[in-house]
Amino acid sequence: MTDVGLSPESAVLEGQDIESDREPPQEDATVQEDWDEGSLTLAKCPQLGDEGQGLHGDLQPAQADMEQDEQKATLHAEVGGDEDEEGMTLGGGTEEEGHCQQNDDGCHDGGMQPLEEKPNESADSPNEGQQSLPLDFSQTPQVLTSSWNEYSNFPENYLKGCKWAPDGSCILTNSADNVLRVYNLPPEVYTYNWDVLPEMSPVLKMAEGDTVYDYCWYPKMNSLEPHTCFFASSSRDNPVHIWDAFYGEVRCSFRPYNHLDELTAAHSLCFSPDGSQLYCGFDKTVKVFYTERPGRDCEERPTTAKKQSGQSGIISCLAFSPCQSLYACGSYARCAGLYSCQDGTLLALLPTRHRGGLTHLLFSPDGYYLYTGGRKDPEILCWDLREPGQVVFSLKRNVATNQRIYFDLDPSGRYLLSGGTEGEVSVWDTQNPPGGEELLQPQLRFQAHWDCTNGISIHPFMPLVATSSGQRQFLWPSDGEGDSSSSCSDGEGSDQAANRADNGLSIWWAGPCGPPAEEQSEEVSNMHS
């Protein structure tokens with residue numbers, strides 16, 4: 001089986017020029033193709049085996065390197081919960097009786113299955129069994145630490161989102177320089193020594209060859225088990241890469257090809273809840289790769305059929321129901337569809353209610369509701385999946401550009417948070433919805449950044465919120481007024497544009513205010529240990 005990867009020298013980007021979204025990739029792109037069978041070599045990791053071996057647990061570091069692995073594990077500030085004794089492999093996680101139905105042989109087929117009144121608990125997660133500290137939005141969250149100097153080395157190096165790891169130990173960011181960065185959660189957060197929190201610096205930098213379309217964590221990621229610490233990313237004119245979150249190198253790649261046998265890039269990515277499959281969105285098609293089998297073999301699931309209705313457009317976002325064997329696809333054609341995990345059968349096509357193409361969608365933890373949001377669209381719509389097509393309520397935010405503006409739900413499903421083009425973060429309490437399709441007013445709004453707040457991610461079990469900011473800056477008409485031949489005027493205009501920029505990552509405390517109780521302080525310390 002062939003494989004495509006990045007050279008070790010490209011794991012850290014230093015001084016790479018920024019490329020416009022419309023420019024072709026540079027000739028010295030970092031992506032290299034290795035056509036030798038199973039020849040991908042990883043630092044401190046065994047080589048990938050033959051077909052069928054793939055990304056299983058045999059990728060754990062060698063015993064001779066375990067001492068160094070433990071040192072790296074401490075950098076990740078492990079806060080994940082206990083796992084099953086059998087552990088997890090990259091080909092899929094273990095499941096117990098009574099858990100939600102996942103993408104396996106027991107998936108539902110045919111029509112959309114009715115949701116039970118009391119849905120089963122979600123699948124095993126790294127933070128299962130953790131005692132969560134409560135979120136408190138009675139007042140504005142407090143910023144703990146940030147990272148901004150990291151994004152000042154290149155002009156207009158704005159961020160494009162941030163995502164907490166499933167075990168809460170670190171956070172992943174994407175930015176305009178096509179570099180994916182991993183930050184560890186500062187250890188001082190667990191001790192409440194917030195006065196001495198330094199500016200955050202990334203512990204890993206992974207450079208893609210071109211504009212990053214999407215990225216996602218492996219859902220069973222646990223820092224105590226290095227072989228589960230990886231994530232997927234997709235960039236223009238490149239295959240889907242699987243990145244090692246301990247060493248910052250490419251483990252393997254998935255190579256989707258079109259009908260002309262040309263390599264094509266996925267516009268959206270999402271692992272199945274058990275981690276055994278990777279779903280990739282393309283134009284009117286979803287391709288499903290098996291995590292344990294890197295390469296080009298995949299299952300194609302068209303979202304439209306000839307002379308039949310379906311979901312058209314590029315599949316721009318994907319999400320899985322936590323308690324039903326179905327997944328949702330959003331497209332730039334302004335619609336969302338629900339599909340069976342077993343064979344990709346279209347179960348329901350939601351009405352076209354958005355003004356722009358969908359850029360993000362999210363299921364509620366109980367699986368009853370689906371939230372969708374689009375570009376150049378101020379509304380987030382909440383759909384009741386027990387009556388597909390019915391909007392429960394809408395949430396208003398400020399989205400005036402084509403940029404992808406993320407939103408997130410807390411683990412209980414009560415609070416929904418979203419940023420906006422003007423840098424404001426809105427917090428809604430979804431447990432008190434209005435009647436009909438009325439507008440739900442936010443419980444809290446606060447200015448998180450001076451520029452666009454495009455990314456927001458809630459910690460899996462601690463009252464922490466991560467936000468990322470920035471957008472491409474354009475000169476205002478007033479910036480270009482005056483003598484065009486004056487170089488001083490051009491410089492002043494550039495300075496004014498730079499002053500409007502706010503490119504950074506921030507970590508916010510959204511828990512109870514005031515000094516923590518002794519019991520809570522001990523609880524957080526136990527989470528860290």
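That block above? That's the structure.
So, here is what we can say about the structure in this document. Numbers given for residues are sequential positions, taken from 1 along each chain in its written order. Only residues with pLDDT of 70 or above have their local features reported here, since the model is predicted, and side-chain atom pairs are shown and tallied only from 80 upward, although totals for entire chains, interfaces and linings are computed over all residues. In computing side-chain properties, one takes all heavy atoms of the structure into account and sets aside hydrogens as well as water.

1. A short note on the nonpolar core
To keep things clear, this is the line we draw: The nonpolar core is taken to be a set of buried Ala, Val, Leu, Ile, Met, Phe, Trp, Tyr and Cys residues, with the residues joined through side-chain atoms within 4.5 Å. A simple rule labels every residue: compare its accessible area, found with a 1.4 Å probe on the protein chains alone, to the largest value its type can have, and call it buried under 20%, exposed over 50%, or partly exposed in between. Only DSSP runs of H or I covering at least 4 residues are called helices, and only runs of E covering at least 2 are called strands; the numbering of each starts at the N terminus. We call two residues contacting when some pair of their heavy atoms lies within 4.5 Å.
Membership of the largest hydrophobic core comes to 22 residues, with the highest contact counts inside it found for Leu464, Leu505 and Trp509. Of all the secondary-structure elements, those providing two or more residues to this core are strand S4 (159-164), helix H2 (188-191), strand S29 (464-469) and strand S30 (504-509). In this structure Leu505 touches Thr145, Ser146, Ser147, Leu159, Cys162, Ile171, Thr173, Tyr183, Met200, Ala466 and Thr467, once residues within four positions along its chain are discounted. Core analysis: the second largest hydrophobic core is formed by 19 residues, Tyr215, Trp217, Met221 and Tyr406 among them.

2. Quick notes on the pattern of salt bridges
Put simply, the test is: Salt bridges are defined as contacts in which a side-chain nitrogen from Lys or Arg sits within 4 Å of a carboxyl oxygen from Asp or Glu.
A full pass over the atoms with the stated rule returns 11 salt bridges. Between Asp214 and Lys163 there is a salt bridge, with its nearest N and O atoms 3.7 Å apart. Within this pair, whereas Asp214 is found in strand S8 (residues 212-217), its partner Lys163 is found in strand S4, the two being separated by 51 residues in sequence. Salt bridges here are not isolated pairs; linked through shared partners, they connect Glu150, Asp177, Arg181 and Lys205.

3. A word on the sheet that holds strand S15 (residues 299-302)
The line we're drawing: Two strands qualify as a pair provided that DSSP identifies no fewer than 2 bridges between them. As a rule, the C-alpha atoms of each element are fitted with a line to give its axis, helices using only the stretch in contact, and angles between N-to-C directions run from 0 to 180 degrees.
Across the sheet, which stays open at both edges, the 4 strands sit in the order S12-S13-S14-S15 with antiparallel pairing between neighbours. Of all strands in the sheet, those with a lone pairing partner are strand S12 (268-271) and S15, marking the two edges. Here the average twist between neighbouring strands, direction ignored, is 20°. Direction of pairing for strand S13 (residues 277-282) relative to strand S14 (residues 285-290): antiparallel, over a ladder of 6 bridges. Bridging across to S14, Phe282 finds its partner in Thr285.

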